[in-house]
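# Summary of structural features
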Amino acid sequence: MSTPETMKALVQLHDGYSGRQEGPVIDDLAPLLEYREVPVPQPGPGQALIKVDLAAVNPSDLHFIKGEYGQPRVKGAPAGFEGVGTVVAGDTPFVGQRVSFYATHSGTWADYALTEARGLIPCRPDLRAEDAAGLIVNPLTASAMFDIVRDSGADSFILTAAGSQLGKLLIALGRDYGIAPIAVVRRAQQGEMLRDLGAEEVLVTSDPEMLAKAAPIMKARKPRILLDAVGDQHTADLFFAMPNRARWVNYGKLSTEPPRLTQLGQLIFQHKKIEGFWLTEWMKTASPEKLGAVITEVQERFVSGKCRTDVTAVVSLADAMSELPAATKKLDGKVFLKP
Ligand SMILES: NC(=O)c1ccc[n+]([C@@H]2O[C@H](COP(=O)([O-])OP(=O)(O)OC[C@H]3O[C@@H](n4cnc5c(N)ncnc54)[C@H](OP(=O)(O)O)[C@@H]3O)[C@@H](O)[C@H]2O)c1
């Protein structure tokens, strides 16, 4: 397979961090990215070049291009962390194979992407392209955080932004492993869908009675882990309503409204903890055996239908500048970019 010298890509216009925390909402891409012709990146030692088939659009991508993620932007480099494609060159035995991957050197919102060869995940042939394109960021995070839930020994756990793709993966894990998910959402309309999926309880933050409704649930189910992607006052209030030894594990900042921590004494006298989770750090510490087992299980869960990626839009790379912002505002599913 011959590789061209140039490719189309959505290239970042800024370096570093913005210093702002505006959340993963995009109204206009023009101040952040440009669709342009760039050289195809060349793989060095230990790297692989992948012809992108489908690229995910995750909240982390939107935080990143806005300069508010955990790593700095690189002006002139293509955006996009995650995708699926075919390895076309590099320091790897997987040349010619379909792989899921996380782009560490040149992003997935492009015809070609460059990454560490050791991070390539060969895909089962029966894995749908949408599931393969989103195989790493959300499924591995769900699996790693569900281990925290299992280790807690409790019969239930709480999750916020429960209608997100990651939330739905966590609910399905709770259902399948018999640990009751207590789903927190901001729109009541999501309740029925999440109950059908396996949520045992649904709390709606826009309901003024939410905390009163949470109280008997806390008493009966005694959740110990709060998996939180929102980080707002509702999360803080729920955490302070949880039983002794509760852990608030924050892994996302979907809300731009900072919470007031009104009962910090609970950290001292009720042994409660507030902590963060970042997949990037978890990957550094997980053993190859653990990673292999998780990846095998995740592919099996998608193929067998135990979980699925809900898709709201597939936008062509060429139309992304005009169409992606509106596509990201569609509810209850993921957006993908197709080169
Ligand atoms: N730390 C890590 O390693 C890691 C890894 C993967 C993902 N994440 C985080 O996990 C979260 C979910 O990712 P995803 O890809 O599953 O998301 P997604 O499918 O795009 O869904 C986003 C969800 O967030 C909800 N939401 C947005 N703003 C909100 C707010 N201000 N208050 C309450 N809910 C809000 C939306 O609710 P509506 O439907 O009501 O709009 C929607 O359900 C993101 O924060 C992402 O950054 C973190």
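Residues numbered from 1 in each chain as written. Predicted model: local features only at pLDDT ≥ 70, side-chain atom pairs only at ≥ 80, totals over all residues. Heavy atoms only, no water.

Moving on, we get to the overall build of the protein. The helix and strand inventory of the protein stands at 11 helices and 15 strands. Computed over C-alpha atoms, the radius of gyration of the protein comes to 20 Å, within 12% of the 20 Å expected from 2.2 N^0.38 for 339 residues, which places it in the range of a compact globule. Along the longest, intermediate and shortest principal axes, the C-alpha atoms of the protein span 65 × 40 × 35 Å. In the protein, buried positions account for 51% of the 339 residues. Contacts in the protein between residues far apart in sequence, at least 24 positions, make up 68% of those at least 6 positions apart. About 15000 Å² of surface is accessible on the protein, with carbon and sulfur atoms providing 53% of the total. Separation of charge centres in the protein, based on 37 positive and 40 negative side chains, amounts to 4 Å. (Helix = DSSP H or I, 4+ residues; strand = E, 2+ residues; numbered from the N terminus. Rg over C-alpha atoms; globule rule 2.2 N^0.38 Å. Buried < 20%, exposed > 50% of the residue type's maximum accessible area, 1.4 Å probe, protein only. Contact = heavy atoms within 4.5 Å. Areas by Shrake-Rupley, 256 points an atom, 1.4 Å probe, with all protein chains shown as cover. Lys, Arg positive; Asp, Glu negative; His and termini not counted. Charge placed at Lys NZ, Arg CZ, Asp CG, Glu CD.)

The next point concerns the domain arrangement of the protein. Quite often, the size of an interface is put as the accessible area lost when its parts meet. Taken domain by domain, the protein comprises domain 1 (6–134 + 309–338) and domain 2 (138–280). Distance between the C-alpha centres of domain 1 and domain 2: 29 Å. Taken together, the contact between domain 1 and domain 2 spans 15 residues of the former and 12 residues of the latter. Between domain 1 and domain 2 lies a buried interface of about 1000 Å² when both sides are counted; carbon and sulfur atoms form 48% of it. Taken together, the links from domain 1 to domain 2 amount to 2 salt bridges. For K168, the salt bridge identified is with D310, shortest N-O distance 2.8 Å. For the pair domain 1 and domain 2, the number of links is 5 residue pairs in polar contact (both at pLDDT 80 or more). (Domains from an automatic or database assignment. Buried area = accessible area lost by both parts, 1.4 Å probe. Salt bridge = Lys/Arg side-chain N within 4 Å of Asp/Glu carboxyl O. Polar contact = N/O pair within 3.5 Å; in protein donor to acceptor, adjacent residues only side chain to side chain.)

Below, the discussion takes up the side chain of S60. Its place among the elements puts S60 in helix α1 (residues 59–65). Apart from the residues within four sequence positions on either side, S60 is in contact with Y69, F81 and V137.

This part is about the UniProt feature "domain: Enoyl reductase (ER)" (unreviewed entry) in the protein. UniProt annotation of "domain: Enoyl reductase (ER)" (unreviewed entry) refers to residues 28–337 when read in the numbering used here. Taken end to end, residues 28–337 comprises 34% helix and 24% strand; its first and last C-alpha atoms sit 16 Å apart. (UniProt positions renumbered as here; feature names shortened; annotations may be inferred.)

So, on to the sheet that holds strand β9 (residues 180–185). A sheet is described by the order of its strands in space; here 6 strands give the open sequence β10-β9-β8-β11-β12-β13, paired in parallel fashion. Both outer strands of the open sheet, β10 (201–204) and β13 (273–276), are each paired with one neighbouring strand and no more. Taken over all neighbouring pairs, the strand axes of this sheet differ in orientation by 20° on average, direction set aside. Here strand β8 (residues 156–159) pairs with β9 via 4 bridges, running parallel. Within β9, the position partnered with S156 by the bridge is A180. On top of the sheet, helix α3 (residues 137–152) reaches β8, β11 (225–228) and β12 (247–250); it is set at about 165° to β11, its chief contact. This element, helix α7 (residues 233–241), spans β9, β10, β11, β12 and β13 of the sheet and lies at about 155° to β12. (Pairing = 2+ DSSP bridges. Axes fitted to C-alpha atoms, helices over the stretch in contact; angles between N-to-C directions.)

Unusually for a residue other than glycine, K222 sits at a positive phi of about 50°. Tracing the backbone through its elements, the reader meets K222 in the loop between α6 (210–221) and β11. Judged by relative accessible area, K222 falls into the partly exposed class, the value being 46%.

Here the focus is the environment of D319. One can find D319 in the loop between β14 (311–316) and α11 (320–328). Residues D319 and K338, 19 residues apart in the sequence, show an inter-C-alpha distance of 9.6 Å.

To continue, consider the nonpolar core. Formed by 51 residues in total, the largest nonpolar core has its most connected members in F157, L170, L227 and F277. With 7 residues, the top contributor of residues to this core is α3. Two domains each provide a minimum of three residues to this core, namely domain 1 (6–134 + 309–338) and domain 2 (138–280). Non-local contacts of L227, meaning those with residues more than four positions away in its chain, are made with M145, V149, F157, I158, L159, T160, L170, V249 and Y251. Counting 32 residues, the second largest nonpolar core, distinct from the first, contains L33, I50, F64 and V99. (Core = buried A, V, L, I, M, F, W, Y, C linked by side-chain atoms within 4.5 Å.)

Moving on, we come to the pairing of strand β4 (residues 82–90). For a regular strand, side chains alternate in direction, first toward one face of the sheet and then toward the other. Note: strand β3 (residues 47–57) against β4, 7 bridges, orientation antiparallel. Bridging from a neighbouring strand, K51 pairs with T86 of β4. Where β4 lies against strand β5 (residues 98–102), 5 bridges are found, and the strand directions are antiparallel. Looking at the pairing, E82 lines up with Y102 of β5.

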